[in-house]
Every structure is written in C-alpha cells, then in structure tokens.
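Per-entry structural report
One-letter residues, chain by chain:
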Amino acid sequence: MNLKMPYGISNYEELVTENYYYVDKTEYIEKLEELPEKRIMFLRPRKFGKTLFTSVLENYYDKNKIDSFEKLYGNTYIGKNTTKLKNSYCILRFNFSGIDTSTEEATIRGFKKEVASSIEVFINRYNLEFHVNKEDEAENILDNLFKSFYIQKPQDKIYVIIDEYDHFANELLGFNPEQFRGLVSKNGKVRKWYEILKKGTETVVDRIFITGVAPITLDSLTSGFNIGTDITQDEEFNEMIGFTEEELKEILKNQEISLKEQEKIIPIMKENYDGYKFCLKAKNQIYNSNMCLYFLSRYIRLGEIPDKLIDTNIASDYSKIGKMLDLCKGENRLEILRKTVQGEPIVNTIIEKFNPAIEFTENDMISMLYYLGYLTISGELVGIPELTIPNKVMKEIYADYFMQMMDKE
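Below or above, wherever it landed, is the structure these notes cover. Model, not experiment: these values are computed from the prediction.

Reading guide: rules and limits
- Residues numbered from 1 in each chain as written.
- Predicted model: local features only at pLDDT ≥ 70, side-chain atom pairs only at ≥ 80, totals over all residues.
- Heavy atoms only, no water.
- Phe/Tyr/Trp six-rings, centres within 6.5 Å; stacked < 30°, edge-to-face > 60°.
- Helix = DSSP H or I, 4+ residues; strand = E, 2+ residues; numbered from the N terminus.
- Buried < 20%, exposed > 50% of the residue type's maximum accessible area, 1.4 Å probe, protein only.
- Lys NZ or Arg CZ within 6 Å of the ring centre and 35° of its normal.
- Pairing = 2+ DSSP bridges.
- Patch = residues over 30% accessible without salt bridge, like charges linked within 9 Å, V, L, I, M, F, W, Y side chains within 5 Å.
- Areas by Shrake-Rupley, 256 points an atom, 1.4 Å probe, with all protein chains shown as cover.
- Salt bridge = Lys/Arg side-chain N within 4 Å of Asp/Glu carboxyl O.
- Lys, Arg positive; Asp, Glu negative; His and termini not counted.
- Charge placed at Lys NZ, Arg CZ, Asp CG, Glu CD.
- 1 Å grid on protein atoms, 1.4 Å probe; cavity = no way out; pocket = protein on both sides within 12 Å on 5 of 7 lines; lining within 4 Å.
- Points joined across faces, edges and corners; volume = space filled by probe spheres on them.
- Nonpolar A, V, L, I, M, F, W, Y, C, P; charged D, E, K, R; others polar.
- Contact = heavy atoms within 4.5 Å.
- Axes fitted to C-alpha atoms, helices over the stretch in contact; angles between N-to-C directions.
- Core = buried A, V, L, I, M, F, W, Y, C linked by side-chain atoms within 4.5 Å.

**Let's talk about the packing of aromatic side chains**
Counted according to the given criterion, the structure contains 28 aromatic pairs. Consider the rings of Phe111 and Trp193, whose centres lie 5.5 Å apart with planes at 80°: the pair is edge-to-face. Here Trp193 lies in helix 10 (residues 189-200) and Phe111 lies in helix 6 (residues 104-125), a separation of 82 residues in the sequence. The same class applies to Phe111 as to Trp193, namely buried. Linked through ring pairs, Tyr12, Tyr22, Tyr60, Tyr61, Phe69, Tyr73, Tyr89 and Tyr159 together constitute an aromatic cluster. Between Arg44 and the ring centre of Phe278, over which it is positioned, the NZ or CZ distance is 3.9 Å.

So this is what it looks like as structure tokens:
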C-alpha cells in the first residue's frame, strides 16, 4: 500500500492515523531509555525532523495513550520491543519556536505565553486542579505547577520535552545580542525558568529531552541548568534523525518507484540533500529528511523532478539563522567563509558550549557553521574533525550568505 509522503507533518499520531509513511526511528527510544543519564540534550540543524521525533517520544511515554499504543506503535520496532517505562509519564511539552523577538518585552511576553499555554494543556490532559496565573512570571507558574502536581499526584512523574529550546535565543543573538545577554544573565527570566526546571528534578520531574540547533545558551544557563547530557555527537545517535540511504530506498520502494526511476532520482537527491555526519566515528552519512520529503512529495504528485530543488521555507530559515555568524568579529572570518565555499576542508575542534556573553571567536564561528548544518564532518586529521559543506543545496544557501557578507565588507 502506497502511504502518503509526510512532508510538513510533525505530529506522530496524525502521521499514523492518516496513513502517512513513517521511517521507523523507534529503536532510539530504547537506546535513550538505556542511557544512565535521564536529562538529554540533542541538537540538529533546522528543518531536520526533530519535532516529529519529540512527538514520537511524547506518544510513547504518555500514560493517557496506553489504550492506543497498539494502533500507534504496533508496526514499529518499539511496538515489538517495549520498554519498562512505556505509557508511564505525564508529558509536559514546550515548543519555543515562533516567539516574537522584536523587543525584550515581546520576547519575555512570548516566552511566558508559551509556558502558560503548555501548562494549561498539561493540566487539562491530566485533570489537575491548578489555575495558571498569567500575570505571574514564567518561572513562578512552573514552580507552582510542580508543587501542585507533587501534592495531587504523588504517585506520578513528569517527562518534560522541550522543542526548539534555543530558537528565540538564536534570533535574539542574530538581531539583538544585548537583549540575549539580559535574558540569560544571572537574573534573566529564561535562566530563572531553567533553575526551576532543575529544581523540579528533585521532586516531580524524572526525565527531560531537549532539542534545538546550537548549544548557544547552554553556557549562559549553566549554573541554572547544569544537569543535561549532550548526545549530539554520540556515534550511537548519529542516525536518530534524518534518513540513511537505505531508509530513502525503502520510501521509494513503498511508493512503487521503479528501479529505473530510482537510478535517475537518487543521484540528484544524494548530491543535494545527503552528506551529513555528526560524529567522527559514524559509519553512515545522513540525508536531510525534510528536504527529501519536499522533493518526493512533488515528484510523486507531478510525476517529474521539481524545478526548484530547495524548499523556500528551508532556504529562508537557514539564511535568517546565519545572522548569528555576524557575531564573529575575527579578522579571518571572511577567509574561513571563502575557503569553505570553495570546498576546502577546515580542520577544527567542535566546541560543545558557546558563551556569546564573553566573545564569539573564529573557532566558535566554525563550530556554529557545523551546528547550523552549513558544514559537516567529512574526515579527520589526527582525531580532529575536517569540516566541509555537506551538499549542493547547502552550498547554494551558504554561497548566498557569503556573497552578502562580501557586499557588507
């Protein structure tokens, strides 16, 4: 049976119930649960499929979804290899994308609104008697929720999922670094909120899974939230998000695309969407899943290779986030950009924490290019990663940014 292409679908329940194709990544639920650490940070470039994976986790662990477990996971790896914690948590989910960062007040207001609305969903879902005081600060709302939950549901635990944890912070860094520093400084609203989240792990919060693009705010938040384990560069999780070539071929097989057609379109997709490697020891390169689904949804519908190989949504997203690179004032930044655009590898240790409140060095910039997806690991020199542009699409987006930089200079 030909299933629909899930381009733009990030809700796992919708994907299953409405007959969309799902590349089964549920084995990673088991791997995550087997880790000794319970507070996990996982970073990948924008538009790579992170939100869908958080939805897979949410549906698997939600105690309210126990009756629909077979329907949602019966045909997956985890459905046949269930873990002891399945359907055992109350899920508290936040998504910090789309917050208005035009002013500091707007940012704080948007952050608080997302916290309040997510908590309202939570209390309705789990029948809690709790009033969200929208006049209160975001950290106080969260703190009061945890206290109320502890009293009302002492037998239950919370799994906190935070999607796009750094989205608004990245935008602020690109457009207004001073506002960013204010929000994550010692008395900043965002930092205080994370301090409360950390405090919650002493009572009601058992697990945390956080996704985002860059570890840009980790260092700034570190004393407020220093309990997360970053598995971004772990070999075991290299393929947790994105498609391997084998997975791509399975999609084409499901869509009954002939081998002759596959021979025509796979090289095009490989050249434009493949090439990502997030760990030195990883065996496989990864395709950007969103870009693949954009291509295939049009190819299947139109019966021909689309004229535009770059989704305009993805292109605008990458160019916007590229403004963060302007933070680097190093003398060699243009030379770094020029070398990479020309395909020369850059040998550079990938920095795991940034603190832009101090300074943003050329080493930081190169690492940021890796986190944003402009560069990826293509080899190594004495154990240090060699970084190059992963594919043609990223080269095009990157070259556009480089030309704008040249014009500015």
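**Some remarks on the sheet that holds strand 6 (residues 346-347)**
Strand order in the open sheet formed by three strands is 6-8-7, with antiparallel pairing between adjacent strands. Only two strands of the sheet have a single partner each, and these edge strands are strand 6 and strand 7 (376-381). Two elements, strand 7 and strand 8 (residues 384-388), share five bridges in a ladder whose sense is antiparallel. For Leu381, the partnering residue across the bridge sits in strand 8 and is Ile384.

**Side note on a negative patch on the surface**
Judged by side-chain charge, Glu34, Glu37, Asp234 and Glu236 come together as a negatively charged surface patch. The exposure class assigned to Glu236 is partly exposed, which follows from its relative accessible area of 40%.

**Notes on empty space enclosed by the protein**
One simple way to see leftover space: roll a probe sized like a water molecule over the atoms. Using the criterion set out here, one finds five cavities of 30 Å³ or more in the structure. Its boundaries defined by the atoms lining it, the second largest cavity holds a volume of some 50 Å³. Around the second largest cavity, the lining residues are Leu32, Glu33, Lys38, Ile40, Tyr61, Tyr159, Arg207, Ile208 and Phe209. Of all elements in the fold, only helix 2 (27-34) and strand 4 (205-212) reach the threshold of two or more residues within the lining of the second largest cavity. The leading source of residues in the lining of the second largest cavity is strand 4, at three residues. Considered class by class, the residues forming the lining of the second largest cavity number six nonpolar, no polar and three charged.

**What to know about the sheet that holds strand 2 (residues 90-95)**
Spatially, the five strands line up as an open sheet ordered 2-3-4-1-5, and their pairing is parallel. The outermost strands of the open sheet, each flanked by one partner alone, are strand 2 and strand 5 (229-230). The sheet contact formed by strand 1 (residues 39-43) and strand 4 spans five bridges and is parallel. From the neighbouring strand, Phe42 faces strand 4, where its bridge partner is Thr211. Helix-sheet contacts for helix 7 (residues 138-152) involve strand 2, strand 3 (158-163) and strand 4, and the interaxial angle to strand 2 is about 175°.

**Things to note about the nonpolar core**
The biggest cluster of nonpolar side chains holds 127 residues, and the ones touching the most others in it are Ile119 and Trp193. Apart from the residues within four sequence positions on either side, Ile119 is in contact with Leu92, Phe94, Phe130, Val132, Ile141, Leu142 and Leu145.

**Focus: the layout of surface pockets**
Its boundaries defined by the atoms lining it, the largest pocket holds a volume of some 650 Å³. Residue lining of the largest pocket: 33 residues in total, with Ser10, Gly49, Lys50, Leu52 and Asn290 positioned closest to the centre. Sorting the residues of the lining of the largest pocket by element identifies helix 3 (50-61), helix 14 (289-302) and helix 15 (312-321) as the ones contributing at least two each. Of all the elements, helix 3 adds the most residues to the lining of the largest pocket, at five residues. For the lining of the largest pocket, the per-class residue count stands at 16 nonpolar, 11 polar and six charged. In this structure, the second largest pocket occupies an estimated 270 Å³ of space.

**Topic: a nonpolar patch on the surface**
Residues Val347, Leu381, Val382 and Ile384 make up a contiguous nonpolar surface patch of roughly 360 Å² in combined accessible area. Structurally, the position occupied by Val347 is in strand 6. A residue is classified by how much of its surface remains accessible, and Val347, at 38% relative accessible area, is partly exposed.

**Things to note about the pairing of strand 3**
With respect to burial, strand 3 is a largely interior element, six of its six residues being buried. Residues Ile158, Val160 and Ile162 point to one face of strand 3 and Tyr159, Ile161 and Asp163 to the other, with burial holding for every one of them. In terms of strand pairing, strand 2 meets strand 3 through six bridges, oriented parallel. Note on strand 3: the bridge partner recorded for Leu92 is Val160.

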